[in-house]
Amino acid sequence: MVFDVIARVEPLTTTRKLSGPFDYLPPADPVGVGSVVRIPFGRQRLDGVVVDLAAASEVPEDKLVRATGVRAESVPEDLVELALWMAREYCSTPARALALVLPPPGRERTLLWAERTAAPLDGERLTGNQRALLDRLPGPAGEDLAALRRLEARGLVAVAPRARRRAPRTNAADDRAVALTPEQEAAVAAVRGGGSHLLHGVTGSGKTEVYLRACADALAAGRGVIVLVPEIALTPQTVARFQARFGDTVALLHSALGEGERYDEWRRLRTGAARIAVGPRSAVFAPVARLGLVVIDEEHDGSYKHEGDPRYDARHVAAERARRAGAALLAGSATPRPETWRALPHLKLSSRVDARPLPPVRVLDMVGAQHPLHPLTRRALQAARKSIVLLNRRGWSNFLTCRSCGKVWECPQCDVALVLHRAERAIACHHCGHRERVPDRCDACGSLAVARYGAGTERIEAELREALDVPVFRLDADTAATKDAVPELLARFHAAPAGLLLGTQMVAKGHDFPDVTLGVVLDADSTLRFPDFRAEERTFALIAQLAGRAGRGPEGGRVLVQTTAPDAPAIEAASRHDADGFLAGELERRRALRYPPFADLIRVVASAEAPDPVRAAGARLAEAIAGAVGPRSEILGPAPLFRLRGRERRQVVVKTTQREAAIRATAAAVGAAARDRALRDVAFSVDVDPQ
Ligand code: ADP
Ligand code: ZN
Ligand code: ZN
């Protein structure tokens, strides 16, 4: 059959069982690639995205149905293509990937706007009030609407609705004009030449200034920019500096925006009213036309990985988007990932702009220590007016155990130990949120000797409060539960004349507190004990980032690192501020173990409530993938994982040096398993490049 046009539509549904696109007759309104349409689908009506237009369909004419409505906002064509690439790259589905690039819901808010017409006022009889009113135009009609309507009737004024922007609230910053250092100059010139670069420099070395200049270059060339930052709540200063320099041409995109704000910011980008998108990982999908530059600030940050489906990595997607758009890519960090270090040419900023040295780092050996604070740490904390203490949630969790029979209280849903929250007298699961009261006695043996082991943030906080007389500000997932809690707590710490900021990884990220003179890492090696190939990298980054937080003011500062593994390469290199040395050694280790970037990892998890189908699914996957890949891919598993949220789980990991073939084989195996009726209760999740 030949038609004028057939719209090929991907229905927005989450199931893996469908494989689109499906052909529809176009609706009455004009459509193009990226249009969001309404379609009849079986007995339902769904939204769908037009991914292609065709002249003919294989569907017989009497079977073709018509799409109905078209949404006012459409997805830019390049983002449709990017989403389809993501669906393939992450073994997801087009619908799930397209959901990430959809226009946000909402509509414009308007107000009535009045302006003078060209009609001359000579000879018009006007009252003093009317003259005053005409003098204040153009402007919103507001309370003068009635008077303006009368002038409108006389042809002197035009009143019409006009879009009214809902602008996100942001911090103020001043913009200083600075002369670039020779290293900054070289970096900006390199970015101007295009391609991808790593900007490696410690905190305060002037990386943000390089981003700002590169951004100005792109704008001057008529191109748009995307600036990715870790969570906005933790990096308000970076955002503020972009706004201070570029004003309203900056659009802010993040999850804490209200619906109206998000819609307006998206639309300002879509229409070209704004040319720079700043935001966390999802800003990689900002509708910026003629993209000329993508900046990834703090490129090592774990928040760039999305844990929903598709499990995309905004850094990888940014690189692909930049490649497709012919845009430059600039990834910056003081502690770059080994992958980035190896893949991109380096631009180096070798010292802090103010030439202030990095604080000395002292490693304190905690082998055999009885007390969580080393005597030197205690003394240093007592002497410092303002300090930051970092502990790893994982390393410092409290578990509840029975001293008589050894019972450990576990989550009934997840098979992990419950964590004690002393203040609420509760034990809670950090995976699913299950909570229960702290028991008075052991339900296994009846003993009253229920012990509380460990030293979580709460216990450390109590100890510190006792030992010090400065206020303690605790920042962790519990205190950060609401969206404003983090900036508020940081602002209070910033304003306090004296105080101690205590928390998990969050305290080491991008803040700038000039009067902090002491940074302490408790149990630095707890990240190392995790069976994870990124353990070394994380440990190094944590210490180095904390060192970047201390001693930014005239008083200087120092860092103390408590550890039971003082000779671990990551800790030793961090204490020397030796990123180059660490990365060289770490890359050798990765090469020997065939870990990224020397091989790619793909992780598939099958889960269901009952164990049998999960076991079957694991075996099926491993077999199907093994049968489809060549000798350059290794299959690990299927291996059981701990039960999570009441679901049994099994995982298969593919370690490969043939990325594309392995992704294809995995997608095919998962697709076949998802369509298998015997496995209908099993859910599959694929993680390409797991963190
Ligand atoms: P980073 O992003 O690496 O932490 P910034 O760009 O924030 O570094 O620079 C740290 C401080 O130094 C900022 O206050 C910035 O305004 C200032 N700065 C940056 N470059 C220069 C320069 N070339 N001359 C003077 N001050 C500079
Ligand atoms: Zn017991
Ligand atoms: Zn749980």
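Scroll up a little and you will see the structure.
**Q** Please clarify how the pairing of strand β14 (residues 346–349) should be interpreted in this entry.
**A** The two faces of the sheet receive side chains in turn, since in a regular strand these alternate between them. Residues of β14 alternate between two faces, with L347 and L349 buried on one and H346 and K348 left unburied on the opposite face. In terms of strand pairing, strand β8 (residues 196–201) meets β14 through 4 bridges, oriented parallel. Of the residues in β14, the one forming a bridge with L199 is L347.

**Q** Is there a simple way to explain the packing of helix α17 (residues 611–628) against helix α18 (residues 659–675) in this structure?
**A** Helix-helix packing is described using two parameters, namely the angle between the two axes and the distance between the axes. With their axes 9 Å apart at the nearest point, α17 and α18 run at an angle of 140 degrees to one another. Taken together, the axis directions place α17 and α18 in an arrangement best described as oblique. α17 and α18 meet at a crossing whose hand is right-handed. The residues of α18 that touch α17, namely those facing R620, L621, A624, I625 and A628, are A665, T666, A669, V670, A672 and A673.

**Q** Which parts of the structure should I look at to understand the site of ligand 1?
**A** Taken together, 16 residues lie near ligand 1, and A179, Q184, G204, T208 and R241 sit nearest. A distance of 2.7 Å is found between a nitrogen atom of ligand 1 and a side-chain nitrogen or oxygen belonging to Q184. A distance of 2.9 Å separates an oxygen atom of ligand 1 from a polar atom in the backbone of K207. Computed on the free molecule, ligand 1 has an accessible area of 550 Å², of which 77% lies beneath the protein chains in the complex. Among the elements that take part in the shell around ligand 1, helix α6 (residues 207–220) stands out by supplying 3 residues, more than any other. The residue makeup of the shell around ligand 1, split by class, is 5 nonpolar, 7 polar and 4 charged.

**Q** Before we go on, may I ask you to explain helix α16 (residues 579–593) in this structure?
**A** Given 3.6 residues per helical turn, the α-helix brings residues three or four places apart onto the same face. The end-to-end C-alpha distance of α16 is 21 Å, a good match for the 21 Å that 15 residues give at a rise of 1.5 Å each. Residues of α16 that are buried include every one of A579, F582, L583, E586, L587 and R590, and no others. Along the axis of α16, the buried residues cluster in a sector spanning 130 degrees; they form a single face.

**Q** What exactly am I supposed to notice about the nonpolar core here?
**A** In a soluble, globular protein the nonpolar side chains are often hidden away together inside. Core analysis: the biggest nonpolar cluster contains 105 residues, and L228, V317, L501 and F684 have the highest contact counts within it. The leading source of residues in this core is helix α1 (residues 77–89), at 8 residues. The contacts of L501, once residues within four sequence positions are left out, are S387, I388, V389, F473, L475, L489, L490, F493, V507 and F513.

**Q** Whenever I open this one, the sheet that holds strand β27 (residues 633–644) confuses me. Can you help?
**A** In a beta sheet, neighbouring strands are held together by backbone hydrogen bonds and run either parallel or antiparallel to one another. Taken in spatial order, the 4 strands make up an open sheet running β27-β28-β26-β29, and their pairing is antiparallel. Where the open sheet ends on each side, the last strands, each with one partner, are β27 and β29 (683–688). Pairwise comparison of adjacent strand axes, ignoring direction, gives a mean angle of 20 degrees for this sheet. The sheet contact formed by strand β26 (residues 600–608) and strand β28 (residues 647–656) spans 9 bridges and is antiparallel.

**Q** Can you help me understand the pattern of salt bridges in this one?
**A** Working definition: two side chains of opposite charge can pair if their charged atoms are close together. Scanning the entire structure with this criterion turns up 37 salt bridges. The shortest N-O distance in the salt bridge between R149 and E152 comes to 2.9 Å. Of this pair, R149 and E152 both sit in helix α4 (residues 145–153), separated by 3 residues, roughly a single helical turn. On the accessibility criterion, R149 (37% relative accessible area) is partly exposed. With a closest N to O distance of 2.5 Å, E537 and R590 form a salt bridge. With a gap of 53 residues between them, E537 in helix α14 (residues 535–549) and R590 in helix α16 connect regions that are remote in the sequence. The same class applies to E537 as to R590, namely buried. The network of salt bridges with shared partners includes E339, R534, E537, E586, R589 and R590.

**Q** Can you walk me through unusual backbone geometry in this structure?
**A** Most peptide bonds take the trans configuration, and most residues that are not glycine carry a negative phi. Of note, the amide linkage connecting P596 to P597 takes the cis form, showing an omega dihedral of 10 degrees. Mapped onto the secondary structure, P597 falls in the loop between α16 and β26. One non-glycine residue, R594, adopts positive backbone phi at about 55 degrees. Residue placement: R594 occurs in the loop between α16 and β26. The phi angle at D689 is positive, at roughly 60 degrees, despite the residue not being glycine. Within the fold, D689 resides in the segment after β29.

**Q** Just to check I follow, could you spell out the side chain of H300 for this structure?
**A** Looking at the secondary structure, you find H300 in the loop between β12 (291–296) and α9 (314–325). Contact partners of H300, with chain neighbours within four places excluded, come to R315, S333, T335, R337 and Q545.

**Q** Explain the environment of R379 to me, please; I cannot follow it from the model alone.
**A** Secondary-structure assignment places R379 in helix α11 (residues 375–383). For the pair R379 and G292, spaced 87 residues apart in sequence, the C-alpha to C-alpha distance is 52 Å.

**Q** Hey, could you run me through the side chain of R311 in this one?
**A** Along the chain, the position of R311 falls in the loop between β12 and α9. Apart from the residues within four sequence positions on either side, R311 is in contact with Y90, K305, H306, S685, V686, D687 and V688.

**Q** What exactly am I supposed to notice about the packing of α1 against α9 here?
**A** In the contact formed by α1 and α9, the axes pass within 11 Å of each other and the chain directions differ by 135 degrees. The angle between α1 and α9 places the two elements in the oblique class. Like other packed secondary-structure pairs, α1 and α9 cross with a definite hand, here right-handed. Touching D78, L79, E81, L82, W85, M86, R88 and E89 of α1 are H316, V317, E320, R321 and R324, all from α9.

Calculation notes
- Residues numbered from 1 in each chain as written.
- Chains lettered and ligands numbered in written order.
- Predicted model: local features only at pLDDT ≥ 70, side-chain atom pairs only at ≥ 80, totals over all residues.
- Heavy atoms only, no water.
- Buried < 20%, exposed > 50% of the residue type's maximum accessible area, 1.4 Å probe, protein only.
- Helix = DSSP H or I, 4+ residues; strand = E, 2+ residues; numbered from the N terminus.
- Pairing = 2+ DSSP bridges.
- Axes fitted to C-alpha atoms, helices over the stretch in contact; angles between N-to-C directions.
- Parallel < 35°, antiparallel > 145°, perpendicular 65-115°, else oblique.
- Left-handed = near helix turned anticlockwise from the far one by under 90°.
- Contact = heavy atoms within 4.5 Å.
- Near = heavy atom within 4 Å.
- Polar contact = N/O pair within 3.5 Å; in protein donor to acceptor, adjacent residues only side chain to side chain.
- Areas by Shrake-Rupley, 256 points an atom, 1.4 Å probe, with all protein chains shown as cover.
- Nonpolar A, V, L, I, M, F, W, Y, C, P; charged D, E, K, R; others polar.
- Expected span 1.5 Å × (residues − 1).
- Arc of directions from axis to C-beta.
- Core = buried A, V, L, I, M, F, W, Y, C linked by side-chain atoms within 4.5 Å.
- Salt bridge = Lys/Arg side-chain N within 4 Å of Asp/Glu carboxyl O.

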